[in-house]
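Descriptive analysis of the structure
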Amino acid sequence: MKLRLSEEDAAFREEMRTFFTTQVPQSIRDTVAARRELTKDQIVETQQILNAAGLAVPNWPVEWGGKDWTPLQRHIWHEEMQLASVPAPLAFNASMVGPVIAAFGSQEVKERFLPATANLDIWWSQGFSEPDAGSDLASLRTVARREGDEYVVNGQKTWTTLGQYGDWIFTLVRTDPDAPKKQQGISFLLIDMTSPGLTVRPIELIDGGHEVNEVFFEDVRVPAENLVGEENRGWDYAKFLLGNERVGVAPVGSTKRWLAAAKELAGDRIAGDPVLATRVAGLENELLALELTALRVVAHSADGKPHPASSVLKLRGTELQQAVTELYVDLAGPLSLASGAGDGSGVPDWARVSTPQYLNFRKASIYGGSNEVQRQIIAKTILGL
Amino acid sequence: MDFTLDSEQTALRDAVRGLLSKSYDSTETRREITKTDPGFSEKTWTQLAELGALGLPFAEEDGGFGAGPVEVSIVAEEIGRVLAPEPYLETILAGGLVADLGSAEQRADVIGRVAEGALVLSLAHHDIGDAVVATASGDTWTLSGVKEPVLHGARADLLVVTARTDAGVGVFLVDPSADGVERTGYRTHDGGRAARVAFDGAAATPLGDPTADASDAVALAKARGQIALGHEAVGAMDVALRTTTEYLKTRKQFGVPLNTFQALTFRAADLYVSAELARSTVTWATLVLQDEPERAVEAASRAKMQVSRAGRHIGQEAIQLHGGIGMTAEYSVGHYTSRLTAIDHTLGDGSEHLARLASTVTDHGVVDPIG
Ligand SMILES: Cc1cc2nc3c(=O)[nH]c(=O)nc-3n(C[C@H](O)[C@H](O)[C@H](O)COP(=O)(O)OP(=O)(O)OC[C@H]3O[C@@H](n4cnc5c(N)ncnc54)[C@H](O)[C@@H]3O)c2cc1C
């Protein structure tokens, strides 16, 4: 056993650090550091800078722009990106639909979509959840009926994150309503969001923002070649996708950075308040434990498969992320009420955004497989209960 | 970076596990052994010595085996898995101070015998009231005051005692049968042994230079002890968790096994999270001790705090999820909880370590585990 990074890994870390802190525009990194919402253009610009340097989709097969990195190098890449306040490549593209197409798509589908997906020339949305299919995703009802060389899609998706920017949406649709098990009749279909019959309606969240949408399909005609893999095998691809989603979803690096920033913003207050100091120290230790667990997980997933303990990362990672947003609200105290104050306000920016962010991050334990779903996975697959 | 054991380390683990699982094959065996003094099996102690486990952390020229913190952690974890009551921690703590501070003769005299299992050491460092005071008259030193609780203090063949000197903290060797030393031994709640040790002008030999302040050496020794205890706790947590999940699968109520109740399986999942996070932190602290000993005191605090939280969580829930049987002395989980509670309160509990970490929390931005 040894703690230190090998010379190569240390050099790799330095290389990443230098790239992220010098090649991504300061204004974008400042926006992230101030925990302000990014524009679509900022996200696209960043991903294109990363992609040009071969750093946008390292988890993909090499042939499609991936890197033959070790899990540890991938981890370092991700952590350094977060520590440098660089927005990560759009997850829908880089960690969700891209790997699915690369693993299961036909050669035509790969060639058509993968380069554009890596470069964020196509902005993907995730169309999985439906009003009556959340945690129980397999009970989804949106149907795709085959007519000649087209599918005709009818139904509704919901919670579609950033669907207002979406060019394309990857969906799970029911292609065999008579399959003996509900998991068996599902297909993975790619749909152009400009198709006639497709409408996107915004949903306002409790923080006042608009990041999710409903998507309606009324006789939307989709060329059959947009099917990924085989018909009725979509559930397998979805499971593959969700496994990848969980691995990247514990943002230890950015939570650490938030906590460090909270200490700075609070100035002398923390040092003078033992209750606050122990709370911060406690959070730091929990984050350390989580980061070390993430390192153990990557060090052990040499075969490239997610380690079973990755559920620990999702579960605890989102709890800590939420705990830090809660800390900001408490640090702001009465100033946290000034969320609607304009530029002339004497209330600092961070205090004004603290409550909307706290409210917004309640989402973290719901999406990406709710924390209850993670507990279920741990209990069943790890503990055998 | 690498968190896996090499083949020699795996062999060590298997050997220690083999020995200890024979010595402590059941809760009943352990209860029998902890019932009578000295509260552990002298035979198992000798076998551990024969296996080389007791000399692991010490240099070969002193009579040890020149291994490192990882090897110590392996032994400690196996001890934790069966709650072996042998005074292994005392060897790490007191032996470590002899190795760090002692003269060549002192080291040669003590370490070799410790490695052979011929000498049980105990570190007397906890002051119950005013600190024990060391007084010099010419070249001879005497100690006065009371240390309590001194773990395995009644059985110990040699005491290593911390005391106040003009220079700060001094460390002394005391023959417990000497005049002016009075020992009163008793049982601790986890089946262990402790003693009140009163010194009344007892003759003491300084370890190393008594005119220098040994605070740093004591802090490092405690860090080593805290980290080893952390591994002991991780071993105990692992078994307590496995025992609990097995029970949930086999115990039937309302006509079905308990694991059909999600309220219970979710709590087991949370125990797993606690256990994994504690294991990560303790393993890291071991590697810090190995690679960057100058950061070990802080790393040990972080590990001990994590162990405190996880130990309480797992200990309390292990009993709760077993229901009434978990409360009984015949059944194992209560003993695991008792031991985890003892570990929490040995060498600083969670709140103490949290307070210490809190006092420096504004000195840094982020905590970087790999420096
Ligand atoms: C901000 C946000 C963004 C999202 N973005 C997307 C997106 O882009 N694309 C997309 O497809 N989906 C998205 N989702 C949807 C998300 O994946 C679902 O919300 C999630 O799967 C939970 O489903 P649900 O909301 O229907 O809750 P439900 O499944 O109804 O769950 C309600 C509560 O019950 C718990 N629960 C459910 N089943 C069990 C069980 N068996 N045991 C114990 N507890 C259980 C849940 O954990 C939860 O606490 C997003 C959600 C949010 C909040």
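Residues numbered from 1 in each chain as written. Chains lettered and ligands numbered in written order. Predicted model: local features only at pLDDT ≥ 70, side-chain atom pairs only at ≥ 80, totals over all residues. Heavy atoms only, no water.

Under an unreviewed UniProt entry, chain B has the name Acyl-CoA dehydrogenase and belongs to Aeromicrobium erythreum. As recorded by UniProt, the Cofactor (unreviewed entry) comment attached to chain B reads in full: "FAD". The UniProt entry for chain B carries this comment under Sequence similarities (unreviewed entry): "Belongs to the acyl-CoA dehydrogenase family." (UniProt positions renumbered as here; feature names shortened; annotations may be inferred.)

Under the annotation held in an unreviewed UniProt entry, chain A carries the name Acyl-CoA dehydrogenase and is attributed to Aeromicrobium erythreum. The record in UniProt for chain A states the following under Sequence similarities (unreviewed entry): "Belongs to the acyl-CoA dehydrogenase family."

1. As for the site of the ligand
Near the ligand lie 18 residues; those nearest to it are A:Ser135, A:Trp159, A:Thr161, A:Ser370 and A:Glu372. The ligand sits at a junction of chains, with neighbouring residues supplied by chains A and B. Within the backbone of A:Trp159, an N or O atom sits 2.8 Å from a nitrogen atom of the ligand. When the ligand is considered free in solution it has 960 Å² of accessible area, and contact with the protein chains removes 67% of it. Of the residues assigned to the shell around the ligand, the class counts are seven nonpolar, eight polar and three charged. Shared between two domains, the shell around the ligand takes at least three residues from each, and those domains are domain 2 (124-232) and domain 3 (249-383) of chain A. (Near = heavy atom within 4 Å. Polar contact = N/O pair within 3.5 Å; in protein donor to acceptor, adjacent residues only side chain to side chain. Areas by Shrake-Rupley, 256 points an atom, 1.4 Å probe, with all protein chains shown as cover. Nonpolar A, V, L, I, M, F, W, Y, C, P; charged D, E, K, R; others polar. Domains from an automatic or database assignment.)

2. Some remarks on empty space enclosed by the protein
Taken as a whole and judged by the stated rule, the model has one cavity of 30 Å³ or more. Forming the walls of the largest cavity are A:Lys256, A:Leu259, A:Ala260, A:Lys263, A:Glu284, A:Leu287, A:Leu288, A:Glu291, B:Gly365, B:Val366 and B:Val367. Elements supplying a minimum of two residues to the lining of the largest cavity: helix H8 (252-266) and helix H10 (274-300) of chain A. (1 Å grid on protein atoms, 1.4 Å probe; cavity = no way out; pocket = protein on both sides within 12 Å on 5 of 7 lines; lining within 4 Å. Points joined across faces, edges and corners; volume = space filled by probe spheres on them. Helix = DSSP H or I, 4+ residues; strand = E, 2+ residues; numbered from the N terminus.)

3. Notes on the confidence of the model for chain B
Predicted confidence across chain B gives a mean pLDDT of 96, with 100% of residues reaching 70 or more. Confidence estimates for the predicted assembly give a pTM of 0.92 and an ipTM of 0.90. (pLDDT = per-residue confidence, 0-100.)

4. Some details on helix H3 (residues 42-51) of chain B
Think of an α-helix as turning once every 3.6 residues; residues three or four places apart then point the same way. Residue and element names in this part refer to chain B. Listed as buried for H3 are Thr44, Trp45, Leu48 and Ala49. Taken down its axis, H3 places every buried residue within 145° of arc, on the same side. The exposed residues of H3 that point more than 90 degrees off its buried face are Lys43 and Glu50. Those residues of H3 that are buried lie in contact with helix H1 (7-23), helix H5 (88-101) and helix H6 (104-116). (Buried < 20%, exposed > 50% of the residue type's maximum accessible area, 1.4 Å probe, protein only. Arc of directions from axis to C-beta. Contact = heavy atoms within 4.5 Å.)

5. Quick look at the pairing of strand S5 (residues 186-192) of chain A
Residue and element names in this part refer to chain A. Burial within S5 is extensive, with six of its seven residues counted as buried. Bridge count between strand S4 (residues 168-174) and S5: seven bridges; the pairing is antiparallel. Paired with Phe170 across the strands is Leu190, a residue of S5. Here S5 runs beside strand S8 (residues 227-228); their pairing, made up of two bridges, is antiparallel. The residue bridging Phe188 from the neighbouring strand is Val228, located in S8. (Pairing = 2+ DSSP bridges.)

6. Brief notes about the packing of helix H4 (residues 69-82) of chain B against helix H8 (residues 262-291) of chain B
The interhelical angle for the contact between H4(B) and H8(B), taken along N-to-C directions, is 145°, at an axis separation of 9 Å. Note on element contacts: H8(B) touches H4(B) through B:Arg279, B:Thr286, B:Leu287, B:Leu289 and B:Gln290, opposite B:Pro69, B:Val70, B:Ser73 and B:Glu77. (Axes fitted to C-alpha atoms, helices over the stretch in contact; angles between N-to-C directions.)

7. Examining the domain arrangement of chain A
Residue and element names in this part refer to chain A. Assigned domains within chain A: domain 1 (7-89), domain 2 (124-232) and domain 3 (249-383). Across the boundary between the two partners, domain 2 contributes four residues, which contact six residues of domain 3. Of the roughly 430 Å² buried where domain 2 meets domain 3, counting both sides, 54% is carbon and sulfur surface. Of all residues in domain 2, Ile206, Asp207 and Glu211 bury the most surface against domain 3, accounting for 80% of the area lost on that side. Here domain 2 is connected to domain 3 by one salt bridge. Between Glu211 and Lys363 there is a salt bridge, and its shortest N-O distance comes to 2.8 Å. For the interface between domain 2 and domain 3, the tally reads three residue pairs in polar contact (both at pLDDT 80 or more). Here the side of domain 2 that touches domain 3 is built from residues that sort into one nonpolar, one polar and two charged. (Buried area = accessible area lost by both parts, 1.4 Å probe. Salt bridge = Lys/Arg side-chain N within 4 Å of Asp/Glu carboxyl O.)

8. A word on the interface of chain A and chain B
Each partner contributes residues to the interface: chain A has 45 residues there, and chain B has 49 residues. For the chain A face of the interface with chain B, the top three residues by lost area are A:Met1, A:Leu3 and A:Leu385, together amounting to 20%. Notably, a salt bridge pairs A:Glu284 with B:Arg302, separated by 3.9 Å at the nearest N-O pair. Per element, the largest residue contribution to the side of chain A that touches chain B is 18 residues, and it comes from H10(A). For the side of chain A that touches chain B, the class distribution of residues is 24 nonpolar, eight polar and 13 charged.

9. Overview of a negative patch on the surface
All names here are of chain A. On the surface, Glu63, Glu108, Glu111, Asp149 and Glu225 cluster together into a negatively charged patch. As for its position among the elements, Glu111 is in helix H6 (residues 107-118). Judged by relative accessible area, Glu111 falls into the partly exposed class, the value being 47%. (Patch = residues over 30% accessible without salt bridge, like charges linked within 9 Å, V, L, I, M, F, W, Y side chains within 5 Å. Lys, Arg positive; Asp, Glu negative; His and termini not counted. Charge placed at Lys NZ, Arg CZ, Asp CG, Glu CD.)

10. Section: the pattern of salt bridges
In total, this model carries 46 salt bridges over all chains according to the counting rule given. A:Glu291 is the partner of A:Lys256 in a salt bridge, and the nearest nitrogen-oxygen pair spans 2.9 Å. Within this pair, whereas A:Lys256 is found in helix H8, its partner A:Glu291 is found in helix H10, the two being separated by 35 residues in sequence. A single burial state applies to A:Lys256 and to A:Glu291, both of which are buried. For the salt bridge of B:Arg13 with B:Asp14, the shortest nitrogen-to-oxygen distance reads 3.4 Å. The exposure class assigned to B:Arg13 is partly exposed, which follows from its relative accessible area of 27%. Within this structure, A:Glu286, A:Arg316, A:Glu319, A:Arg375, B:Asp270 and B:Arg309 form a network of salt bridges that share partners.

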